[in-house]
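# Coordinate analysis (summary)
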Amino acid sequence: MPGTAPAPPASAGATAPNATTADTYTWKNVRIDGGGFVPGIVFNRAEKDLAYARTDIGGAYRWQQSTKTWTPLLDHVGWDRWGHTGVVSLATDAVDPDRVYAAVGTYTNDWDPGNGAVLRSTDRGATWRTTDLPFKLGGNMPGRGMGERLAIDPHRNGVLYLGAPSGHGLWRSTDSGATWSKVTAFPNPGTYAQDPTDPSGYASDNQGIVWVTFDESTGTPGSATRTIYVGVADKENAVYRSTDAGATWSRLPGQPTGLLAHKGVLDARGGRLYLAYSDTGGPYDGADGAVWRYDTKAGTWQDVTPDADPYYGFSGLSLDRQRPGTVMVTGYSSWWPDTQIFRTTDGGANWTRAWDFSPYPERTDRYTMDVSSSPWLSWGATPAPPERSPKLGWMTEALEIDPFDSDRMMYGTGATVYGTEDLTRWDTGGKITIRPMVRGLEETAVNDLVSPPSGAPLLSALGDIGGFRHTDVTKVPAMMFTSPNFTSGTSLDYAGARPDTVVRAGHLDGGPRIAFSTDNGATWSAGQEPPGVSGGGTVAAAADGSRFVWSPDGAGVHWASGPGGAWTASRGVPAGAVVEADRVDPRRFYAFAGGTLHVSTDGGATFTPKATGLPATGNVRFQAVPGRSGHLWLAGGATGAYGLWRSTDAGATFTRLPGVEEADTIGFGKAAPGASYDTLYTSARIGGVRGIFRSTDTGATWTRINDDAHQWGWTGAAITGDPRVFGRVYVSTNGRGIVYGDPSGTPAPDPDPDPDPDPPAKAPCEAAYRVTNQWQGGFQAEVSVRNTGTTAWNGWRAAWTFPDGQRVTQGWNATLTQSGTEVTAAPVGWNTRVEPGGTVAFGFTGTWSGANRPPPALTVDGTRCTTPSP
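The structure presented is a predicted model; accordingly, all values stated were derived computationally and were not measured.

## Topic: the sheet that holds strand E47 (residues 596–600)
Taking strand neighbours across the sheet as the criterion, the four strands line up as E45-E46-E47-E48 in an open arrangement whose pairing is antiparallel. Of all the strands in the sheet, the pair left with one neighbour each is strand E45 (578–581) and strand E48 (608–609). In this sheet, E48 lies alongside E47 in antiparallel orientation, the contact comprising two bridges. Paired with Val 599 across the bridge in E48 is Thr 608.

Below, the structure written as structure tokens:
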């Protein structure tokens, strides 16, 4: 799915910082698994299990067969070249499998200030060298699912070709990607643009040269391959050929017209070139299409379209290299009721489908979906037939059969990578099993993050998939935020003194675009909207949860009493202002717009302008410090006024921190041992270096905590420390998901430190079991146990019996084991000790069928617990 990172503003001059140091951190992803569009998957043709994936905004990945995970390869891309996180094409070398190439650049218009580049690696993407190009590339532009635009000569691997957009034509390198020159003999730079009238340059760009395919039967090792086919974004002249190693080119005669050739894949042994066509460049649109086969020896064409009347375009084209004549293709733009995948074993004479009507609206599927590793892929939906949840996919422009294993196939969607390892069952009447094959590939664009002082450690607002409540950052949540499901989350906040009260805002066609939770984000209810709202904007919750202030798109700033209440227009504050709440004073809210901070002391009803002289241009983000009334930190700006400011008088005045040359985010975490003030975190330029910085002394000195190998492109949307774990920080990226870091050497908690395997009974206790979300065949539940006795528990065992055969699949905040219907939960280290009156809470996801009744009783260490009063 698309994401937009603004270009980093120009650097502003500043004095040197008081002091900067460096600290070693360990960085990992908060697990979501996927979350964005994967337009390309490429297998190496010479080495088994070597495969790569490209994303539109989140870099490139290499498959790790031993763990069946993806390894990110472009985390080194820094702030100033964030556009290199958009990957328009990948090529892996069949002669020297250690070599891999990536054509990078995110936008061809001025949204990306830099030109494109070709990255080349001789160690499978562990390190890269860069060759800058004299034009832009568009990894997140229309047509990005076509390809591959970058190709290596299979016989003379120092020769590469690159198809360029924007009328720049075909380019060639003869020195393994070190230098590039235009192939001046190539006659057609393309003519097709999605919308030639688009003034932004996004949809009006010429999509150019879209794929390059070599006929390896026309060459010998060490000599350039003679015959090359090239696909062009031109509906009347879509395919060109050279038979003299690229010296001359001509339009392939007899070809079909009126459509764009998204893919061109050649079976050189059989002498057949297969082409998948659509009437548009995709990846969203496409209302007509075709599949054709070209006989390279006879020079004849045959229409082998698998659908007599397609209402979608075709892409996702792949051959089984072990079984000549076996081809698969996707109906990538079939959004409703589902995408479609076709398969032939006789070169296109006959096709079978992934699903058929039996009859409408019922379906017969040739597959089963198992999304237990990423249950949120169901979107919590229960659609009526013929739709399914989860869907087979959408935007399915990448589908590849493993060249070494006819049973393995992977395909990309707008949200994940799916795959199967029993593909040939399709041909014998069996059902294949499709599962996510996406672990390690994190592609969400992050808009906001909060880490409350209690409850779940992390809540997020994300592009395209709304956001998540992470009770364990090492595990995939069962579901994204629902009721409502925002298409993109834009802002969220919690009440400083009542962190179970949470509010979020986001985009949703037709609304609602505001939602409230009173259980720390576990469940949600939609709120009302004032007239004119068109998007989520920013939102803030009073410290006691009694009021909310919302600055939505399309309407002015408004306030409401209580979750879900009616909205009243605020006075004295500009529309579009960014709003925040004081973390201590429930009546005080802040709003920033146009270089001025506005303050309300009556719960958002009226605002008064206070501090001025703050950044009037550029992105500005500010935060109130937990537990300190009137303490604000503000980051952002552009040339001139660009940096970090602090206020301790509720925004009446601000002081700029010396030495912080640029700053784009500010967040707070647990104070360092011996420190009295929250730890500060920022994405900034300090001492001439861009990075993620931490301060434990109120900004007097700064420590860079990331390194050049961990930069993740643009990190300017949000940052927060963890209020419960010193040193832990959560960093937003624009396409690499949520990254979290801990100081290296931080010991992991003992999963079960209780030395007594059979602790004595402890009584009394009170326990509650609650199903927080349920979908077809699956559910999420939370359990809380309270020590109602007079002595502390130093170790505990909670247990229950499922009445309907439910099964636990994944747990958090406790170690859960199950034997038959019996479930036992044990502490995970930090929650081993429970003081009198204290409560320990944990959760899990599970499966059910038939019924999902709660257990009749819960015990702690063999003692039956009472149930709390409603």
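Once the structure has been displayed, the description carries forward.
## Remarks on the pattern of salt bridges
The tally for this structure, following the rule as stated, stands at 37 salt bridges. The salt bridge partner of Arg 408 is Asp 402, with a shortest N-O separation of 2.8 Å. Each member of the pair, Arg 408 as well as Asp 402, is classed as buried. By sharing partners, the salt bridges in this structure join Asp 80, Glu 662, Asp 664, Arg 685 and Arg 690 into a single network.

## Quick look at the pairing of strand E64 (residues 798–801)
The two faces of E64 differ: Ala 798 and Trp 800 on one face are buried, but Ala 799 and Thr 801 on the other face are not. The pairing of E64 with strand E67 (residues 822–826) spans four bridges and is antiparallel. Directly across from Thr 801, in E67, lies its bridge partner Glu 822. Relative to strand E70 (residues 858–860), E64 runs antiparallel, the two being bridged by three bridges. Residue pairing in the sheet places Ala 799 in a bridge with Thr 859 of E70.

## What about the pairing of strand E31 (residues 409–412)?
Neither face of E31 is open: one carries Met 409 and Tyr 411, the other Met 410 and Gly 412, and all of them are buried. Summarising the sheet, strand E30 (residues 398–401) and E31 pair through four bridges and their orientation is antiparallel. Its bridge partner lying in E31, Ala 398 is registered against Gly 412. Strand direction decides the pairing type here: E31 and strand E32 (residues 417–420), joined by four bridges, are antiparallel.

## Describing the environment of Gly 219
The topology assignment puts Gly 219 in the loop between strand E15 (209–214) and strand E16 (228–232). For the pair formed by Gly 219 and Pro 310, sequence separation is 91 residues and the distance between their alpha carbons is 38 Å. Once residues lying within four places of it in the same chain are set aside, the contact partners of Gly 219 are His 155 and Thr 225.

## Some remarks on the packing of aromatic side chains
In this structure the tally under the stated criterion is 37 aromatic pairs. Aromatic side chains Tyr 107 and Trp 111 sit 5.2 Å apart centroid to centroid with 75 degrees between the ring planes, which places their arrangement in the edge-to-face category. Among the aromatic side chains, those forming a connected cluster through ring pairs are Tyr 769, Phe 779, Trp 796, Trp 800, Phe 802, Phe 842 and Phe 844. Cation over ring: Arg 363 sits above Trp 355, and NZ or CZ is 4.4 Å from the ring centre.

## Quick look at the confidence of the model for the protein chain
The predicted model of the protein chain averages 93 in pLDDT, with 95% of residues at 70 or higher. Counting contacts from residues 1–18, a segment whose pLDDT is below 50, to residues more than four positions away or on other chains yields 56 contacts. This stretch, residues 748–762, has a pLDDT under 50; its non-local contacts, to residues over four places away or in other chains, come to 26 contacts.

## Comments concerning a nonpolar patch on the surface
A cluster of nonpolar residues, Trp 335, Trp 336, Phe 357 and Tyr 360, forms a patch on the protein surface that exposes about 450 Å² of accessible area. Looking at the element boundaries, Tyr 360 is found in the loop between strand E27 (355–357) and strand E28 (363–365). Of the residues examined, Tyr 360 reaches a relative accessible area of 51% and is grouped as exposed.

## Some points on the sheet that holds strand E26 (residues 352–353)
Taken in spatial order, the four strands of this open sheet run E23-E24-E25-E26, and their pairing is antiparallel. At either margin of the open sheet sits one strand with a lone partner, and together these are strand E23 (315–319) and E26. Bridging between strand E24 (residues 327–331) and strand E25 (residues 340–344) involves five bridges; their strand directions are antiparallel. Paired with Thr 330 across the strands is Ile 341, a residue of E25.

So, how was this worked out
Residues numbered from 1 in each chain as written. Predicted model: local features only at pLDDT ≥ 70, side-chain atom pairs only at ≥ 80, totals over all residues. Heavy atoms only, no water. Pairing = 2+ DSSP bridges. Helix = DSSP H or I, 4+ residues; strand = E, 2+ residues; numbered from the N terminus. Salt bridge = Lys/Arg side-chain N within 4 Å of Asp/Glu carboxyl O. Buried < 20%, exposed > 50% of the residue type's maximum accessible area, 1.4 Å probe, protein only. Contact = heavy atoms within 4.5 Å. Phe/Tyr/Trp six-rings, centres within 6.5 Å; stacked < 30°, edge-to-face > 60°. Lys NZ or Arg CZ within 6 Å of the ring centre and 35° of its normal. pLDDT = per-residue confidence, 0-100. Patch = residues over 30% accessible without salt bridge, like charges linked within 9 Å, V, L, I, M, F, W, Y side chains within 5 Å. Areas by Shrake-Rupley, 256 points an atom, 1.4 Å probe, with all protein chains shown as cover.

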